[in-house]
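Listed here are the chains, written in short residue letters.
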Amino acid sequence: MDAYDVIIIGTGAGGGTLARHLAPSGKRILLLERGDWLPREPQNWSDQDVFVDNRYVSPDTWYDASGKPFQPGVHYFVGGATKLYGAALYRLRKEDFGELQHHDGISPAWPISYDVLEPYYTLAEQHYHVHGARGEDPTEPPSSAPYPHPAVSHEPRIQQLADDLAAAGYHPFHAPCGIMLDEANIPFSTCIRCATCDGFPCLVHAKSDAEVLGVRPALEHPNVTLMTNAKVVRLGTNDGGTAVSEVVVEGEGGDERFVGDVVVVACGAANTAKLLLQSASEKHPNGLANGSDQVGRNYMFHDSTAVLALSREENQTAYQKTLGLNDFYFGADDFEYPLGNVQMVGKSTAPMFRGERPRDTKLAPEWTLERMARHAIDFWLSTEDLPQADNRVTVDREGKLTLTYSETNLEAKKRLYAKVKSILGQLDMNPGHLIHRFAYMKNDIPVAGCAHQAGTARFGTDPGTSVLDVNCKAHELDNLYVVDTSVFPSIGAVNPALTAMANSLRVGDHLLERMK
């Protein structure tokens, strides 16, 4: 069997970032990715291919609690889910790392403070070319450095929205964006500021994803090896069950086995849990690292709602994800509990409407959808999903993944939507701004969306209530680590990618010290 110093399973925000951080050490590193390189092709920027035909959604089948099969919105490529994410790279708020009371219960504290992760947030922002502006968002946590790049400017229609929100007493801010855009030198900018960013692969490699800014820099080092189409199906342990002794990769000609002094799992919350559970053995009968019965539990994925409002005038914005609003992150005048985050999403198009709501749009004339798209201003609302033991991933003997999930914090989600609706109504006081009687397309994200999945292998100080220790090493195994969003004890209400990247860098420093 081939032996390595470190084997990293998964190449997304956690695994790809870790590979880049460890690569200069000279240690022998093997990256295992179940998918392949995402092809660079014209279809990358096709609404029809991406949103209607689901060209880049991987052909997995999962099951809900009733046994009904569904296709999850997962993407198995080098770079993982970041290949099609919106590159909104937010820090969790400082308060998110402590215990927070919500309407439906407690958001638990993390075993580390924000201050511990802050230097790694700064490093992650630098690695992933984050654009932003400090000091605009009243909930913004302290930072040790400015953003590495200036905020992405608002296009005219969004600038008007920002001005109107500020005039109404709110605090809009420039959203932190991970794109390689140089507005001061457009002819030499990698990013061309197109409309095909959020939810699309980037044909020109200008999105700050984990392939472009994690895996590719790592592969510049000769000690790093990447294997694609390498689906890991089991982790074997030594006779005592105290360490991972082999990583088993499914192959057409039979299984391949690899040995690593350190094994790091970064498959995403659902698939990390699946791998640990299906690695059950005599020493670990309930699954690897699962003596606490916590593997697979506490699955979270944000209570999110996509909403559009129709503006009187056309919205000709191309790159729309430049504005955020956190005025209701920790509550409101009429509600003492946290509500969540409001941000823009990519500009909607008629094919997207058909892809996301085929039944509702089946009989709509194309010109009606086109007109809607031209006048749409698109928002994304996220309320914190609370960890619940019964929201969980389970796996049967055949490897069938079942996702049991019930929504939490529905009252807060409902109130956040009402707040946004009310705000847009207030802005109608400005003549010619927004339609007086709004037409909303309200799209609740189903469990199959799973874009912001987290939990299932949380880290903590108590082996009885957590899977991993403070360094994200399994309590029960000497050499098994996890660095994706499954380690999160809570998810906050902002996009989780930057936190996964920052924590991966923190764990990377621990591994570098361990391997000296």
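Along each chain, the written sequence defines residue order, and numbers are assigned to residues from 1. Selection of residues for local features in this predicted model requires a pLDDT of at least 70, selection of side-chain atom pairs for listing and counting requires 80 or more, and totals for whole chains, interfaces and linings are taken over all residues. Side-chain numbers here rest on the full set of heavy atoms in the structure, without hydrogens or water.

Focus on the overall build of the protein chain
Link 1 in the chain: Every helix listed is a DSSP run of H or I at least four residues long, and every strand listed is a run of E at least two residues long, numbered separately from the N terminus. Helices and strands together make up the secondary structure of the protein chain, namely eleven helices and 22 strands.
Link 2 in the chain: Atoms counted for the radius of gyration: C-alpha only. Globule rule: 2.2 Å times residue count to the power 0.38. On C-alpha atoms alone, the protein chain measures out to a radius of gyration of 22 Å, which is about the 24 Å that the 2.2 N^0.38 rule sets for 516 residues.
Link 3 in the chain: Dimensions of the protein chain, computed from C-alpha atoms along their principal axes, come out at roughly 75 × 50 × 50 Å.
Link 4 in the chain: Each residue gets one of three labels from its accessible area relative to the maximum for its type: buried under 20%, exposed over 50%, partly exposed in between, using a 1.4 Å probe on protein chains only. Evaluated residue by residue, the protein chain yields a buried proportion of 59% over its 516 residues.
Link 5 in the chain: Residue contacts are counted whenever heavy atoms from the two residues lie within 4.5 Å of one another. Within the protein chain, contacts between residues at least 6 apart in sequence are counted, and of these 73% link residues at least 24 apart.
Link 6 in the chain: Neither His nor the chain termini are counted; the positive set is Lys and Arg, and the negative set is Asp and Glu. Charged groups are reduced to one reference atom each: NZ for lysine, CZ for arginine, CG for aspartic acid, CD for glutamic acid. Positive and negative side-chain charges of the protein chain, numbering 46 and 66 respectively, have mean locations separated by a distance of 3 Å.

Some details on the nonpolar core
Link 1 in the chain: In this structure, Ile9, Leu235 and Leu480 are the most contacted members of the largest nonpolar core, which totals 101 residues.
Link 2 in the chain: Core analysis: the next-biggest nonpolar cluster, separate from the first, contains 25 residues, Leu323, Leu325, Phe328 and Ile423 among them. Residue types Ala, Val, Leu, Ile, Met, Phe, Trp, Tyr and Cys, when buried and joined through side-chain atoms within 4.5 Å, form a set referred to as a nonpolar core.

Focus on the pattern of salt bridges
Close approach of charged atoms lets side chains of opposite charge pair.
Link 1 in the chain: When a carboxyl oxygen of Asp or Glu lies within 4 Å of a side-chain nitrogen of Lys or Arg, that pair is called a salt bridge. Applying the stated criterion across every chain, the model contains 23 salt bridges.
Link 2 in the chain: When the shortest N-O distance is used, the salt bridge between aspartate 198 and lysine 321 registers 3.6 Å. Placement of aspartate 198 in the loop between strand S10 (177-178) and helix H5 (211-219) and of lysine 321 in the loop between strand S15 (303-310) and strand S16 (323-325) is noted, with a sequence separation of 123 residues between them.
Link 3 in the chain: Here lysine 321 falls in the buried class, since its relative accessible area comes to 7%.
Link 4 in the chain: Glutamate 314 is the salt-bridge partner of arginine 374, the closest N and O atoms lying 3.3 Å from each other. Highlighted residues: arginine 374 in helix H9 (residues 366-375) and glutamate 314 in the loop between S15 and S16, separated in sequence by 60 residues.
Link 5 in the chain: One network of salt bridges, with partners in common, ties together Lys83, Asp209, Glu211 and Arg216.

Points about the sheet that holds strand S7 (residues 130-132)
Link 1 in the chain: Pairing is mixed across the open sheet formed by three strands, whose spatial order is S8-S7-S10. The open sheet has two edge strands, strand S8 (149-150) and S10, and neither has a second partner.
Link 2 in the chain: When S7 meets S10, the two strands line up antiparallel, connected through two bridges. For histidine 131, the partnering residue across the bridge sits in S10 and is cysteine 177. In this description, strands pair whenever DSSP reports at least two bridges between them.

Brief notes about the sheet that holds strand S20 (residues 401-404)
Link 1 in the chain: On the basis of which strands lie adjacent, the open sheet formed by four strands has the order S4-S3-S20-S19 and mixed pairing. On the outer flanks of this sheet lie strand S4 (69-70) and strand S19 (392-395), each paired with one strand and no other.
Link 2 in the chain: Examined bridge by bridge, strand S3 (residues 62-64) and S20 share two bridges and lie parallel to one another. Bridged to tyrosine 63 within S20 is threonine 402.
Link 3 in the chain: Lines are fitted to the C-alpha atoms to define the axes, a helix being fitted only along its stretch in contact, and any angle between axes, read from their N-to-C directions, falls within 0 to 180 degrees. Packing of helix H6 (residues 269-277) onto the sheet brings it into contact with S3, S19 and S20, and relative to S19 it is tilted by some 40°.

So, the packing of aromatic side chains
We describe a pair of aromatic rings using the distance from one ring centre to the other and the angle between the two ring planes.
Link 1 in the chain: Aromatic rings from Phe, Tyr and Trp, taking only the six-membered ring of Trp, are treated as a pair when their centres fall within 6.5 Å; an angle between ring planes under 30 degrees marks them as stacked, one over 60 as edge-to-face, and anything in between as tilted. Inspection of every chain in the model, using the stated rule, returns 15 aromatic pairs.
Link 2 in the chain: Measuring from centroid to centroid gives 6.3 Å for tyrosine 56 and phenylalanine 77, while their planes differ by 65°, and the two rings are edge-to-face. With tyrosine 56 in the loop between helix H2 (47-52) and S3 and phenylalanine 77 in the loop between S4 and strand S5 (100-102), this residue pair connects regions lying 21 residues apart in the sequence.
Link 3 in the chain: Looking at tyrosine 56, the relative accessible area reads 4%, which means it is buried.

Section: the confidence of the model for the protein chain
Link 1 in the chain: Looking at any residue, its pLDDT shows the predictor's confidence there, from 0 to 100. Of all residues in the protein chain, 93% attain a pLDDT of 70 or more, and the chain-wide mean is 92.
Link 2 in the chain: In this model residues 429-440 is a low-confidence stretch, pLDDT under 50, and it forms 37 contacts with partners more than four residues away in sequence or in other chains.

Examining unusual backbone geometry
Link 1 in the chain: A positive phi angle, near 65°, is found at alanine 289, a position not held by glycine.
Link 2 in the chain: Relative to the helices and strands, alanine 289 is located in the loop between H6 and S15.
Link 3 in the chain: One non-glycine residue, asparagine 409, lies in the positive phi region at around 60°.
Link 4 in the chain: By the element assignment, asparagine 409 lies in the loop between S20 and helix H10 (410-427).

What to know about the side chain of threonine 383
Link 1 in the chain: Relative to the assigned elements, threonine 383 resides in strand S18 (residues 376-383).
Link 2 in the chain: For threonine 383, a relative accessible area of 1% translates into the label buried.
Link 3 in the chain: We call two N or O atoms a polar contact when they sit within 3.5 Å, provided that within protein one can donate a hydrogen and the other can accept it, with sequence-adjacent residues counted only if both atoms are side-chain atoms. A polar side-chain atom of threonine 383 sits 2.8 Å from the main-chain carbonyl oxygen of leucine 339.
Link 4 in the chain: In this structure, threonine 383 is in contact with His302, Asp303, Leu339, Gly340, Asn409, Ala412, Lys413, Leu416 and Ala493, ignoring residues within four places of it in sequence.

Here we look at a negative patch on the surface
Link 1 in the chain: Taken together, the side chains of Asp2, Glu250, Asp255 and Glu256 make up a negatively charged region of the molecular surface.
Link 2 in the chain: With respect to the helices and strands, aspartate 2 occurs in strand S1 (residues 2-9). Patch construction takes residues with relative accessible area above 30% that form no salt bridge. Like charges are linked within 9 Å, and nonpolar side chains (Val, Leu, Ile, Met, Phe, Trp, Tyr) are linked within 5 Å. Surface accessibility in these figures is a Shrake-Rupley result with a 1.4 Å probe; residues are shielded only by whichever protein chains are displayed.

A few points about the pairing of S1
Link 1 in the chain: Inspection of the sheet shows S1 paired to strand S14 (residues 256-265) by seven bridges, in the parallel sense. Across the sheet, residue isoleucine 9 finds its bridge partner in S14, namely valine 265.
Link 2 in the chain: Strand direction decides the pairing type here: S1 and strand S2 (residues 29-32), joined by four bridges, are parallel. For isoleucine 8, the partnering residue across the bridge sits in S2 and is leucine 31.
Link 3 in the chain: Call a crossover right-handed when, viewed with both strands pointing away from you, the route from the first strand across the helix to the second goes clockwise. For the handedness criterion, the β-α-β arrangement of S1, helix H1 (residues 15-22) and S2 is classed as right-handed.

So, the pairing of S18
Link 1 in the chain: By the criterion of burial, S18 is predominantly enclosed, with eight of the eight residues buried.
Link 2 in the chain: The alternating pattern of S18 places Ala376, Asp378, Trp380 and Ser382 on one face and Ile377, Phe379, Leu381 and Thr383 on the opposite face, and all of these are buried.
Link 3 in the chain: Relative to S18, strand S17 (residues 341-344) runs antiparallel, the two being bridged by four bridges. Bridge pairing links asparagine 341 to serine 382 in S18.

Considering the environment of glutamate 314
Link 1 in the chain: By relative accessible area, glutamate 314 is classed as partly exposed at 35%.
Link 2 in the chain: Separated by 161 residues in the primary sequence, glutamate 314 and serine 153 have C-alpha atoms spaced 19 Å apart.
Link 3 in the chain: Glutamate 314 has contacts with Arg157, Arg374 and His375, leaving out every residue within four places of it along the chain.
Link 4 in the chain: One polar contact links glutamate 314 to arginine 374, side chain to side chain, over a distance of 3.3 Å.

Observations regarding the packing of H1 against H5
Link 1 in the chain: Two elements in contact, H1 and H5, have axes whose closest approach is 7 Å; the angle formed by their N-to-C orientations is 35°. H1 and H5 meet at a crossing whose hand is left-handed. Here Gly16, Ala19 and Arg20 of H1 come into contact with H5, specifically with Leu213, Gly214, Val215, Pro217 and Ala218.
Link 2 in the chain: Here the residues of the contact of H1 with H5 are counted per class, giving five nonpolar, two polar and one charged. If you view the pair so one helix is near and one far, a crossing is left-handed when the near helix is turned anticlockwise from the far one by less than a right angle, and right-handed when it is turned clockwise. Gly counts as polar in this scheme, as do all residues outside two lists: the nonpolar Ala, Val, Leu, Ile, Met, Phe, Trp, Tyr, Cys and Pro, and the charged Asp, Glu, Lys and Arg.

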